[in-house]
Amino acid sequence: MTNYWPRFSRDNFENSVPPIDYLNWYIPRLQEARTHNLSFSGMQYNWDIQGMLGEKIADIGKPYMADIEDPRIIIAKREGVSPDNVLITHGATQGINIALLTAIASIRDKVDGKIVVAAESPTYAPIPQTALILADEVIRVNKTPPTTGHGHWRINYEEWETAMKKSHIIMITPISNPSGWGLHIEDRNWIIKHAEENDVIVIADEAYNDAYRHIEQSRAIHTFGDNYISINSLTKVYAMGPIRFGWLISDSKTIAIAKNIFMTFSGVMSSPTMRIAAEALKRLDVVDKEIEYYRSENLPILRAVLEKHGIDWNEPSGGVFGCFELPNNLDSEVFADQHCKENELLVVPGSMFSDRMTSWVRVAWSIEPSLFRLAVEALDKSLDSALN
Ligand SMILES: Cc1ncc(COP(=O)(O)O)c(C=O)c1O
């Protein structure tokens, strides 16, 4: 049987690179184009790119340098930092690569021996697996569901302290995929304190943070000072994944290193990406409002169906996705590929994120309410057949 969860070791891939297994599960299922889709962890919003760019759309293949508003400046203003604290990247995933390369470059000559990275689980596979490529050793640290079934997923201080003591860098996702829950404020403060005590660089993938801005504890990691790198993009919250636009925010010395790395590997950002992003960045509030609308319309329907099936639902306070555990340890890959498939529905099994989540299912309310209603009807039927 194939395992799809993220890897934290190079076992069986010595002198090679392990695959991003979950894509081998997900891409063929997307290609099936099932009628109903609750699998998108990112907001689905149809940007009118032609309307936004107007006649300038004819220039997308020309250099952008002099004739667009610099997206770095727009982001810097939005985040309350200087443009020197911002590096634009091709998406958050490239941001993960560059952030880690930057962190390693900034310590390499003072570290005697192996570079060790601690990375959180469950997670988005490119986080630990970028570390498997670039660092010498990766230590897995866990976040676990609340014992009561409700509230934040938490970290174990003993486990994390042992890992931090051995590590030079820690990689976290403050808003977790697939739980949709933010880092508990006590856990965040604990991580900051221990990172400082142990001289550990913190890299935070904040791809989902913007949908939680209104929640007081969603403070970005870069605001804690030097040696903290925040990663973000327009993919998840602002529905612009296909243009591949993201950014890093950190202290200016760190960003200067990141910029040299970006230029070494990528030269400059692509012109269509920069031109579209420069316009979209001025209109993000349109999507913010749409997310709130989707939450208000879609969540009550989802809650009712899960309750009907006796499923304990731990609803995150922001964003567009969450996850639940199937009763009786039912296998969620079987649920997705048999029961949901029979009802033309796509959901994401928890096994894409962790070996400890084989009976969990991630669902998203990121689609337009009339489509969502039909998708939840399909979920209802799929649960009926799986549980009875
Ligand atoms: C935590 C996390 N970061 C980043 C991404 C991808 O972001 P991007 O498309 O900007 O590379 C994902 C996608 O699933 C994700 O879950």
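A quick note: this is a predicted structure, and the numbers were derived from the prediction, not measured.

Some details on the overall build of the protein chain
Part 1 of the reasoning: Across its full length, the protein chain carries 12 helices and 13 strands.
Part 2 of the reasoning: Each of the three principal axes of the protein chain carries a C-alpha extent, and together these read 60 × 55 × 40 Å.
Part 3 of the reasoning: By residue count, 55% of the 388 residues in the protein chain fall in the buried class.
Part 4 of the reasoning: Considering only residue pairs separated by 6 or more positions, the protein chain has 76% of its internal contacts joining residues 24 or more positions apart.
Part 5 of the reasoning: Carbon and sulfur atoms form 50% of the exposed surface of the protein chain, whose accessible area is close to 17000 Å².

Examining the packing of aromatic side chains
The geometry of two aromatic rings is summed up by the distance between their centres and the angle between their planes.
Part 1 of the reasoning: One pass over the structure, following the stated rule, counts nine aromatic pairs.
Part 2 of the reasoning: When the ring centre of Phe-8 is taken as reference, the NZ or CZ atom of Arg-140 above it lies at 5.6 Å.

With respect to the state of the cysteines
Part 1 of the reasoning: Tallying each qualifying case throughout the model produces zero disulfides.
Part 2 of the reasoning: In this structure Cys-323 is a free cysteine whose sulfur lies 15 Å from that of Cys-340, the closest cysteine sulfur available.
Part 3 of the reasoning: For Cys-323, a relative accessible area of 4% gives the class buried.
Part 4 of the reasoning: Judged by relative accessible area, Cys-340 falls into the buried class, the value being 0%.

Quick look at the site of the ligand
Part 1 of the reasoning: As a structural note, the neighbourhood of the ligand is formed by 13 residues, with Ala-92, Thr-93, Asp-205, Tyr-208 and Thr-235 the closest of them.
Part 2 of the reasoning: Ala-92 is positioned with one of its backbone polar atoms (N or O) 2.7 Å from an oxygen atom of the ligand.
Part 3 of the reasoning: A distance of 3.0 Å separates an oxygen atom of the ligand from a polar side-chain atom of Lys-236.
Part 4 of the reasoning: Per-element accounting of the shell around the ligand gives the leading share, three residues, to helix α4 (residues 91–107).
Part 5 of the reasoning: Here the residues of the shell around the ligand are counted per class, giving four nonpolar, six polar and three charged.

Structural notes on the packing of α4 against helix α8 (residues 252–266)
Part 1 of the reasoning: The geometry of α4 relative to α8 is characterised by a closest axis approach of 9 Å and an angle of 120 degrees between their N-to-C directions. In terms of orientation, α4 and α8 fall into the oblique class. For the pair α4 and α8, the crossing hand works out as right-handed. Contacts from Gln-94, Ile-98, Leu-101, Thr-102, Ala-105 and Ser-106 of α4 reach α8 at Thr-254, Ile-257, Ala-258, Ile-261, Phe-262, Phe-265 and Ser-266.
Part 2 of the reasoning: A breakdown of the residues in the contact of α4 with α8 according to their chemical character gives eight nonpolar, five polar and no charged.

A look at α4
Part 1 of the reasoning: End to end, α4 covers 25 Å across 17 residues, agreeing with the expected 24 Å (1.5 Å per residue, within 8%).
Part 2 of the reasoning: With 12 of its 17 residues buried, α4 lies for the most part within the structure.

Regarding the nonpolar core
Part 1 of the reasoning: Formed by 104 residues in total, the largest nonpolar core has its most connected members in Ile-169, Met-171 and Phe-245.
Part 2 of the reasoning: Counting contributing residues, this core receives three or more from each of domain 1 (21–45 + 285–387) and domain 2 (59–283).
Part 3 of the reasoning: Discounting chain neighbours no more than four positions away, the residues touching Ile-169 are Leu-100, Ala-103, Ile-104, Ile-107, Ile-115, Val-116, Val-117, Ala-118, Val-200, Ile-201 and Ile-203.
Part 4 of the reasoning: Core analysis: the second largest hydrophobic core is formed by 21 residues, Ile-170, Ile-192, Val-200 and Val-202 among them.

Side note on the environment of Asn-156
Part 1 of the reasoning: For Asn-156, the location among the structural elements is in the loop between β5 (154–155) and α6 (157–166).
Part 2 of the reasoning: Along the sequence, Asn-156 and Lys-143 sit 13 residues apart, while their C-alpha atoms lie 7.4 Å from each other.
Part 3 of the reasoning: Engagement of the side chain of Asn-156 in a polar contact is seen with the backbone nitrogen of Glu-159, the distance being 2.9 Å.

Overview of the side chain of Arg-188
Part 1 of the reasoning: Note on placement: Arg-188 falls in helix α7 (residues 185–198).
Part 2 of the reasoning: Excluding residues that lie within four positions of it along the chain, Arg-188 makes contacts with Leu-183, Gln-217, Arg-219, Ile-221 and Phe-224.

Re the sheet that holds strand β6 (residues 169–172)
Part 1 of the reasoning: Read across the open sheet, the eight strands follow the order β2-β9-β8-β7-β6-β3-β4-β5; overall the sheet is mixed. Strands at the two margins of the open sheet, each flanked by one partner only, are β2 (86–89) and β5.
Part 2 of the reasoning: With four bridges connecting them, β2 and strand β9 (residues 246–249) associate as antiparallel partners. Within the sheet, the bridge partner assigned to Leu-87 lies in β9 and is Leu-248.
Part 3 of the reasoning: Contacting β2, β8 (228–233) and β9, α8 runs over the sheet at an angle of about 25 degrees to β2.

A look at the pattern of salt bridges
Part 1 of the reasoning: According to the stated counting rule, one finds 24 salt bridges in the structure shown.
Part 2 of the reasoning: The shortest N-O distance in the salt bridge between Glu-315 and Arg-303 comes to 2.7 Å. Separated by 12 residues along the polypeptide, Glu-315 in the loop between α10 (284–308) and β10 (321–325) and Arg-303 in helix α10 bring together distant segments of the chain.
Part 3 of the reasoning: A relative accessible area of 22% places Glu-315 in the partly exposed class.
Part 4 of the reasoning: Judged by relative accessible area, Arg-303 falls into the partly exposed class, the value being 35%.
Part 5 of the reasoning: When the shortest N-O distance is used, the salt bridge between Asp-380 and Lys-308 registers 2.9 Å. Here Asp-380, found in helix α12 (residues 369–387), pairs with Lys-308, found in helix α10; they are 72 residues apart in sequence, far enough to count as distant.
Part 6 of the reasoning: Since its relative accessible area comes to 54%, Lys-308 is described here as exposed.
Part 7 of the reasoning: Here the salt bridges share partners, and the residues they tie into one network are Arg-29, Glu-32, Arg-34, Asp-337 and Lys-341.

With respect to the domain arrangement of the protein chain
Part 1 of the reasoning: In terms of domains, the protein chain is made up of domain 1 (21–45 + 285–387) and domain 2 (59–283).
Part 2 of the reasoning: In this structure, domain 1 and domain 2 have C-alpha centres spaced 26 Å apart.
Part 3 of the reasoning: Facing the 31 residues of domain 1 at the interface are 32 residues of domain 2.
Part 4 of the reasoning: Surface buried jointly by domain 1 and domain 2 totals about 2400 Å² across both partners, of which 51% is contributed by carbon and sulfur atoms.
Part 5 of the reasoning: Considering only the side of domain 1, the residues that lose the most area to domain 2 are Asn-314, Phe-321 and Phe-353, jointly responsible for 24% of the buried surface there.
Part 6 of the reasoning: Across the domain 1-domain 2 interface, the total number found is one salt bridge.
Part 7 of the reasoning: In this structure, Asp-355 and Arg-140 form a salt bridge, with 3.0 Å as the shortest nitrogen-oxygen distance.
Part 8 of the reasoning: Inspection of the domain 1/domain 2 interface yields 13 residue pairs in polar contact (both at pLDDT 80 or more).
Part 9 of the reasoning: Those elements that place two or more of their residues in the side of domain 1 that touches domain 2 are α10, β10 and β13 (360–364).
Part 10 of the reasoning: Counting residues per element, the side of domain 1 that touches domain 2 draws most heavily on α10, which supplies six residues.
Part 11 of the reasoning: Classifying every residue of the side of domain 1 that touches domain 2 gives 14 nonpolar, nine polar and eight charged.

What counts, and at which threshold
In this convention, every chain numbers its residues from 1, walking through the sequence in written order. Given that the model is predicted, a residue must reach a pLDDT of at least 70 before its local features are reported, and side-chain atom pairs must reach 80 or more before they are shown or counted; all residues, however, enter totals for whole chains, interfaces and linings. Computation of side-chain values: all heavy atoms of the structure, hydrogens and water removed. Elements are defined by DSSP. Helices are runs of H or I of four residues or more, strands are runs of E of two residues or more, and each kind is numbered from the N terminus. Relative accessibility under 20% of the residue-type maximum defines a buried residue, over 50% an exposed one, and the middle range a partly exposed one, all with a 1.4 Å probe and only protein chains included. In this description, contact between two residues means that some pair of their heavy atoms is separated by no more than 4.5 Å. To measure how exposed things are, a 1.4 Å probe is used in the Shrake-Rupley method; for residues, cover is taken only from the protein chains shown. The pairing test for Phe, Tyr and Trp rings, Trp by its six-membered ring, is centres within 6.5 Å, and the orientation test on the planes gives stacked under 30 degrees, edge-to-face over 60, and tilted for anything in between. Charge over a ring is defined by NZ of Lys or CZ of Arg lying within 6 Å of the ring centre and within 35 degrees of the ring normal. The definition used for a disulfide is geometric: two cysteine sulfur atoms within 2.5 Å. Working definition: residue near molecule or strand if any one of its non-hydrogen atoms lies within 4 Å of it. Polar contact is defined as a pair of N or O atoms within 3.5 Å, subject to the rule that within protein one atom must be able to donate a hydrogen and the other to accept it, and that residues adjacent in sequence are counted only when both atoms are side-chain atoms. Gly counts as polar in this scheme, as do all residues outside two lists: the nonpolar Ala, Val, Leu, Ile, Met, Phe, Trp, Tyr, Cys and Pro, and the charged Asp, Glu, Lys and Arg. Interaxial angle, 0 to 180 degrees, is taken between N-to-C directions of lines fitted to C-alpha atoms, where a helix line uses only the stretch in contact. In this scheme, roughly parallel covers angles under 35 degrees and roughly antiparallel covers those over 145, while 65 to 115 is roughly perpendicular and the rest are oblique. The hand of a helix crossing depends on one turn: near helix anticlockwise from the far one by less than a right angle means left-handed, and clockwise means right-handed. Multiplying one less than the number of residues by 1.5 Å gives the expected span of a helix. Joining through side-chain atoms within 4.5 Å is the link that ties buried Ala, Val, Leu, Ile, Met, Phe, Trp, Tyr and Cys residues into a set, and such a set is a nonpolar core. Domain ranges listed in this record stem from an automatic or a database domain assignment. Think of it this way: DSSP has to see at least two bridges between two strands before they count as a pair. The rule for a salt bridge is simple: a side-chain nitrogen of Lys or Arg has to be within 4 Å of a carboxyl oxygen of Asp or Glu. Take the accessible area each of two parts loses on contact, using a 1.4 Å probe, and add the two losses: that sum is the buried area.

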